[in-house]
Every structure is written in C-alpha cells, then in structure tokens.
Amino acid sequence: KKLGGNRAIFFSQELANQNERHRLIANNVVHALKNNEYYIVYQPIYELDAKRVTSYEALIRWESPLIGTIAPLDFIPLLEQNDLIIPVGKWIMQEVVGQIAEWDRQGKSGFHVAVNISVKQMMHPDFIPTVKEVLTVSGIQPQRLMFEITESVAVQNIELAKFALRELNELGVQTALDDFGTGYSSLSILKELPIDHVKIDRSFIVRMETEGDKSGIILQGVLDIVRNLGMTTVMEGVETEAQLSVMKEMGAHKVQGYLIGRPMIGKLAIDLQDEEFPF
Ligand code: C2E
Ligand code: CA
Ligand code: CA
Ligand code: CA
C-alpha cells in the first residue's frame, strides 16, 4: 500500500511536470521565431534507380534554451491554433529556398527539397502570393521546391486542395500527397488531385512486418496504382536493409527513412550528394 501511495505521488508529480511543460511550450512558442530558436533539418530521400539522394524533406526543429528540444508534433498544432503557422510557415519557406540558393552557388543542384504545409497555410489567401514571393526573392528554379500536403488535409478540403495544388503546378513547383494511407480516403483521391508524388505512410511497412502477407499485398497494390497513374512513389520509414530490398522488389521509386539518413543540418545533408550507397 505504501508503495502504491508513493507511486501515486510519483505519477501526479509526473503529470504536474507534463502540464508545466505544456504551459511552457504554449507560452514560448510565440517568441521562439523572434529568438531564432527554430531551425530546419533535411532528411535525405534516396532514389532506387538513380542509386543516390535526389531529394530532401525539410523538417522544423525547436531548440528552446528554457525547455530543451521540442518535437514538431508538440508545437505545430499550437502554431496552427493561434495562426502563428502563417509567419512561421513563411519563415520555413524562406529558409529552405535560401538553402537551395546557397547550394546552387556551391554547384549542388541535382535534387529538390520538400516543405510540409499545414491546413491553415494552405487555406490562407496569402499562401500562393507568399510562395511566388519567396521564389522570386531567392531566384531558384521553381522545380527545386516541392510542397507536401497530407492526405487527411486534402480529403477534408478537397476543392481547396485541388485549387491550391493547381496553382502550385502553374508556378512550376512540385507537389506530393503525404502520409498516404493513414486517412479514410478512397483511392479515387489519387485521380482527383493534381500531384506528382505520393508518400506512402510508414504504417504500411510496420503492418507488413507485423501482420504479414495480406498487408504486403495491399502495399504492392498501392504502389502499382500510384505508379500506373503516372506518379512517383516514396516509401516512408525505411529503417532496415531488409525493408529496402522489399521496396526494391515491389518497385517503389524512392525511399526515406533512418536507413538512408536521419533528418540532419544542411551541411551534413548536402554531403550525401557525393555519397555512394551500398544498395
Ligand atoms: P511527416 O511529414 O510524416 O515527416 C516524417 C517524420 O517521420 C519526421 O518526424 C521524421 O523524422 C520521421 N521519420 C523519418 N524517417 C523515419 C524512420 O525511418 N522511422 C521513424 N520511426 N520515423 C521516421 P518529425 O520531424 O518529428 O516530424 C513529425 C511531423 O511533424 C511531420 O510528419 C510533419 O507532419 C510535421 N512537421 C515537421 N516539420 C514540419 C514543418 O516544417 N511544417 C509543417 N507544417 N509540419 C511539419
Ligand atoms: Ca512530410
Ligand atoms: Ca510523411
Ligand atoms: Ca508519416
């Protein structure tokens, strides 16, 4: 009983710490942009036929001197709630196009970089003008830039998603449907949306390993459909060589995951352009 009592104290302390952390996060998320606490990391995406890294995904990081490292899923929803995702989202785009321009000057150019956009950003009337502006200011070729919108966002706002994607296509930037297979969309969304790439969610790989054959057949089906519709497939969350060789057999175009590389600072990410991979 005594132990149980202690445990209750321990848990309530833990909960209090957690609430305190949430409060700190909410209070500091506003100043983090001004204080330069955000930075961008780049996760490599490997193209199986080309045998090299042909794109990167830009992912935001927050390193607070007060709270420590905060995962994007712990603060992006907060940024969305109070519309801070608009200025922060613009900052992300500026950072990424700036990095691409810098890499161009270093003669590194055979790849593109994907930026995640949230629903609030996509719905904002300034979204397309902002994209135009950052492209013009940076002077990079639009094809170097890609935007990822998640399947769930696209499904909930199908007309708006179509409109935004069409505008992006017109600007010449690439588009991807992210986290495919996590929502409750039907496959017909693939023919409705003007997208270049489909990123298939990591959960497919996990299920294939834990549940076996039937999940593998479904994954193969999804890869075939996407490819036959003329889009590129990107498999997320590839962590082992075994998973990579399955993806090769299944005919995926690209893989992303810890096996290829973790999200990393730009300097390290660009070095992968010259790397020879053993796959
Ligand atoms: P996402 O768009 O699906 O991004 C991929 C996430 O999977 C990243 O987590 C990445 O670190 C993680 N990941 C990559 N490879 C592996 C792997 O092999 N195994 C496992 N277990 N995980 C892997 P991260 O950076 O924590 O981002 C989480 C989510 O937060 C992203 O999911 C995205 O929805 C959102 N996010 C991150 N950066 C941004 C951003 O700049 N803007 C917006 N709007 N959302 C962002
Ligand atoms: Ca993404
Ligand atoms: Ca994803
Ligand atoms: Ca995912």
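Residues numbered from 1 in each chain as written. Chains lettered and ligands numbered in written order. Predicted model: local features only at pLDDT ≥ 70, side-chain atom pairs only at ≥ 80, totals over all residues. Heavy atoms only, no water.

The chain is annotated in an unreviewed UniProt entry as EAL domain-containing protein from Paenisporosarcina cavernae.

Asks: Describe the packing of helix 3 (residues 85-105) against helix 5 (residues 127-138), listing the residues and the values that go with them.
Replies: At a minimum axis separation of 9 Å, helix 3 and helix 5 run at an interaxial angle of 25°. As judged from the angle between their axes, helix 3 and helix 5 are roughly parallel. Taken as a pair, helix 3 and helix 5 cross one another with a handedness that is right-handed. Contact residues: Lys90, Met93, Gln94, Val97 and Ala101 in helix 3; Phe127, Thr130, Val131, Glu133, Val134 and Ser138 in helix 5. By residue class, the composition of the contact of helix 3 with helix 5 is six nonpolar, three polar and two charged. (Axes fitted to C-alpha atoms, helices over the stretch in contact; angles between N-to-C directions. Helix = DSSP H or I, 4+ residues; strand = E, 2+ residues; numbered from the N terminus. Parallel < 35°, antiparallel > 145°, perpendicular 65-115°, else oblique. Left-handed = near helix turned anticlockwise from the far one by under 90°. Contact = heavy atoms within 4.5 Å. Nonpolar A, V, L, I, M, F, W, Y, C, P; charged D, E, K, R; others polar.)

Asks: So what's going on with the coordination of the calcium ion (ligand 4)? Which residues, and what values?
Replies: At the metal site, the calcium ion (ligand 4) is ligated by Asp179 (OD), Asp201 (OD) and Glu236 (OE), and these contacts range over 2.4 to 2.6 Å. The two metals, the calcium ion (ligand 4) and the calcium ion (ligand 3), are separated by 3.4 Å and share Asp179 as a common coordinating residue. Here Glu236 lies in the loop between strand 8 (232-235) and helix 11 (241-250) and Asp179 lies in strand 6 (residues 174-180), a separation of 57 residues in the sequence. A residue is classified by how much of its surface remains accessible, and Asp179, at 24% relative accessible area, is partly exposed. (Donors = N, O, S within 2.8 Å, 3.2 Å for Na, K, Ca; no water. Buried < 20%, exposed > 50% of the residue type's maximum accessible area, 1.4 Å probe, protein only.)

Asks: Which residues make up the coordination of the calcium ion (ligand 3), and what values do they have?
Replies: Looking at the calcium ion (ligand 3), one finds its protein donor set to be Asp178 (OD), Asp178 (OD), Asp179 (OD) and Glu236 (OE), positioned 1.9 to 3.2 Å from the metal centre. Site description for the calcium ion (ligand 3): donor spacing in sequence, D-D-x56-E.

Asks: Please provide a residue-by-residue account of the pairing of strand 7 (residues 197-200), values included.
Replies: Across the two faces of strand 7 the burial is the same, with His197 and Lys199 and Val198 and Ile200 all buried. Where strand 6 and strand 7 come together, three bridges link them in parallel fashion. Within the sheet, the bridge partner assigned to Ala176 lies in strand 7 and is His197. Judged from the four bridges that link them, strand 7 and strand 8 form a sheet pairing that is parallel. Following the sheet pairing, Val198 is matched in strand 8 by Thr233. (Pairing = 2+ DSSP bridges.)

Asks: Let's hear about the site of ligand 1: which residues, and what values?
Replies: Inspection of the region around ligand 1 gives 21 residues, with Gln43, Arg61, Asp178, Glu239 and Tyr258 positioned closest. One of the side-chain N or O atoms of Glu57 is found 3.2 Å from an oxygen atom in ligand 1. Elements with a minimum of two residues in the shell around ligand 1: strand 2 (52-64), helix 2 (72-81) and strand 6. Per-element tally for the shell around ligand 1: the top contributor is strand 2, with four residues. Partitioning the shell around ligand 1 into residue classes produces nine nonpolar, five polar and seven charged. (Near = heavy atom within 4 Å. Polar contact = N/O pair within 3.5 Å; in protein donor to acceptor, adjacent residues only side chain to side chain.)

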